[in-house]
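Now for the letters of each chain:
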Amino acid sequence: MPELPEVEVTRRSFAERIRGARILGARLGKPLRWPLGLEPAHLAGRTVLEVGRRGKYLLLRLDQGVLLLHLGMSGSLSFQPGPQPPGPHDHFDLHTSHGVLRLHDPRRFGAVVWSPALDADPARRLLATLGVEPLDDGQFDPGAFHAGLKARRAPIKQVLLAGDVVVGVGNIYASEALFLAGIRPTVRASRLSRPRADRLHAAIREVLARAVQRGGSTLRDFSSATGESGHFQLEAAVYGRAGQPCVRCGAPLRQIRQGQRSTFFCPACQRP
């Protein structure tokens, strides 16, 4: 599933190319998770002002309204100079004066939704429960992060994945950040002291920033809008390395299941 780094990499790969483009039309394929919210023909003539991101949503701000794009579990975007015949899993095309933005989504858990504004429904409803942005210096405050954790009794990895304390720390990046901070993924979030929460805060920022720099993680079929794969998974310290020696202490790494997701950790380096 594309997480925050993959979505941010995707945004950066086409944001400047589509900025200022005039929409010529839109094509819908098979139904996605949610309806578009207006007739595709009504997008024609509007201008793309900029491409932002909130959590795992890409925000195409138009001169009238905003398009929210979500990649779901298997989606990816491409931005091509001109139209190409759509394949069976190409479910949305945005034709613009600068090129064609296409959503490819084999499992169709992604979405493209139009909203009159970010503070109006459906955008307001979709974004309302998202936590703070971890790469935003002004939002991701260490003290507020610790206070949010103190109010949660669930295991720390589950709290990170929930996305309401801090958004975008997906499965790979939660395992990596907890390893970097030396925290066992099963420890109750409310038990973390301020110093340990501060270490986790710094680790989250470091891991996500490094993942963006490395183009995200490509485990199956993720690629940016220019077709480039990510490489962060090649330098993961714990994720996908069960049974292999820890890069710090040499102890065999372990794998457990938490909430139907695989968790990887070092039993020696990560204290409960």
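In what follows, the accompanying structure is described. Because the structure is predicted, anything quoted here is derived from the model rather than measured. (Residues numbered from 1 in each chain as written. Predicted model: local features only at pLDDT ≥ 70, side-chain atom pairs only at ≥ 80, totals over all residues. Heavy atoms only, no water.)

**Things to note about the layout of surface pockets**
Remark: the empty space left among the atoms is shown by a probe the size of a water molecule rolled over them. Here is the rule: Put simply, the grid is 1 Å and covers the protein atoms alone, a cavity is a trapped set of points that fit a 1.4 Å probe, a pocket is an open set with protein on both sides within 12 Å along at least five of seven lines, and lining residues have an atom within 4 Å of a point. Grid points are joined across faces, edges and corners, and a volume is the space filled by probe spheres set on the points. Helix and strand definitions follow DSSP, with helices as H or I runs of at least four residues and strands as E runs of at least two, each counted in order from the N terminus. In this classification, Asp, Glu, Lys and Arg are treated as charged, Ala, Val, Leu, Ile, Met, Phe, Trp, Tyr, Cys and Pro as nonpolar, and every other residue, Gly included, as polar.
Quantified by volume, the second largest pocket comes out at close to 350 Å³. As for the second largest pocket, its lining consists of 19 residues, of which Met1, Glu3, Lys56, Leu161 and Ala162 are closest to the centre. Of all the elements, helix H4 (residues 156-162) adds the most residues to the lining of the second largest pocket, at three residues. Among the residues making up the lining of the second largest pocket, the classes are represented as nine nonpolar, six polar and four charged.

**Some details on unusual backbone geometry**
Negative phi is the rule for most residues except glycine; trans is the rule for most peptide bonds. At the junction of aspartate 121 and proline 122, the peptide bond is cis and its omega measures out at 10 degrees in the coordinates. Topologically, proline 122 is positioned in the loop between strand E8 (111-115) and helix H2 (123-127). Positive phi, normally seen in glycine, also occurs at arginine 108, with a value near 60 degrees. By the secondary structure assignment, arginine 108 is in the loop between strand E7 (99-104) and E8. The phi angle at glutamine 260 is positive, at roughly 70 degrees, despite the residue not being glycine. Along the chain, glutamine 260 turns up in the loop between strand E9 (254-258) and strand E10 (261-265).

**Examining helix H1 (residues 4-18)**
Defined as follows: Helix span, expected: 1.5 Å multiplied by one less than the number of residues in the helix. We define the bend at any residue as the angle between the axes fitted to the seven residues before and including it, ending there, and the seven starting there. For each residue, the accessible area found with a 1.4 Å probe, counting protein chains only, is set against the maximum for its type, and the residue is called buried under 20%, exposed over 50%, and partly exposed in between.
With 15 residues, H1 ought to run about 21 Å at 1.5 Å a step, and its terminal C-alpha atoms sit 21 Å apart, in line with that. At arginine 12, H1 is bent by approximately 30 degrees, the largest bend along its length. Across the 15 residues that make up H1, a large majority, 11, are buried. Downstream of H1 by a residue or two, glycine 20 has a phi angle that is positive, lying close to 80 degrees.

**With respect to the environment of arginine 214**
On the secondary structure map, arginine 214 appears in the loop between helix H6 (194-213) and E9. C-alpha of arginine 214 to C-alpha of glycine 65: the two residues are 149 residues apart in sequence and 33 Å apart in space.

**A few points about a nonpolar patch on the surface**
Heads up, the rule is: In this analysis, a patch consists of residues with relative accessible area above 30% that form no salt bridge, clustered at 9 Å for like charges and at 5 Å for the nonpolar side chains Val, Leu, Ile, Met, Phe, Trp and Tyr. Throughout, the Shrake-Rupley method with a 1.4 Å probe supplies accessible areas, and for residues the shown protein chains are the sole cover considered. By salt bridge we mean one thing: a side-chain nitrogen of Lys or Arg within 4 Å of a carboxyl oxygen of Asp or Glu.
A cluster of nonpolar side chains, contributed by Met1, Met73 and Phe109, occupies part of the molecular surface with about 270 Å² of accessible area. Locating phenylalanine 109 in the fold gives a position in the loop between E7 and E8.

**Side note on the nonpolar core**
Selection rule: Definition used in this section: a nonpolar core is a set of buried Ala, Val, Leu, Ile, Met, Phe, Trp, Tyr and Cys residues joined via side-chain atoms within 4.5 Å. Whether two residues are in contact is decided by their heavy atoms: any pair within 4.5 Å suffices.
In terms of nonpolar packing, the biggest core is built from 27 residues, with Phe145, Leu149, Ile156, Leu160, Leu200 and Ile204 touching the most fellow members. Counting only elements with at least two residues in this core, the list comes to helix H3 (142-150), H4, helix H5 (171-181) and H6. With seven residues, H6 is the single largest residue contributor to this core. The contacts of leucine 149, once residues within four sequence positions are left out, are Ile156, Val159, Val165, Ala189, Ser190, Leu192, Ala197 and Leu200. Of all hydrophobic cores here, the second largest spans 26 residues; its members include Ile18, Ile23, Leu38 and Leu94.

**Digging into the pattern of salt bridges**
Tallying each qualifying case throughout the model produces 17 salt bridges. For arginine 102, the salt bridge is made with aspartate 90, and the minimal N-O distance between the two is 3.5 Å. Of the two residues, arginine 102 sits in strand E7 while aspartate 90 sits in strand E6 (residues 90-96), which places them 12 residues apart along the sequence. Each member of the pair, arginine 102 together with aspartate 90, is buried.

**Re the sheet that holds strand E4 (residues 66-70)**
What counts here: At least two bridges found by DSSP between two strands is the condition for calling them paired. To obtain an axis, a line is fitted to C-alpha atoms, over the contacting stretch when the element is a helix, and the angle between two such axes runs from 0 to 180 degrees between their N-to-C directions.
The four strands are arranged E2-E3-E4-E8 in an open sheet whose pairing can be described as antiparallel. Every other strand in the sheet has two partners, leaving strand E2 (48-54) and E8 as the edge strands with one partner each. The sheet shows a mean angle of 20 degrees between the axes of neighbouring strands, direction not considered. Bridging between E2 and strand E3 (residues 57-62) involves six bridges; their strand directions are antiparallel. The residue of E3 that forms the bridge with glutamate 50 is arginine 61. Contacts from H1 reach E2 and E3 within the one sheet, and its direction differs from that of E2 by about 170 degrees.

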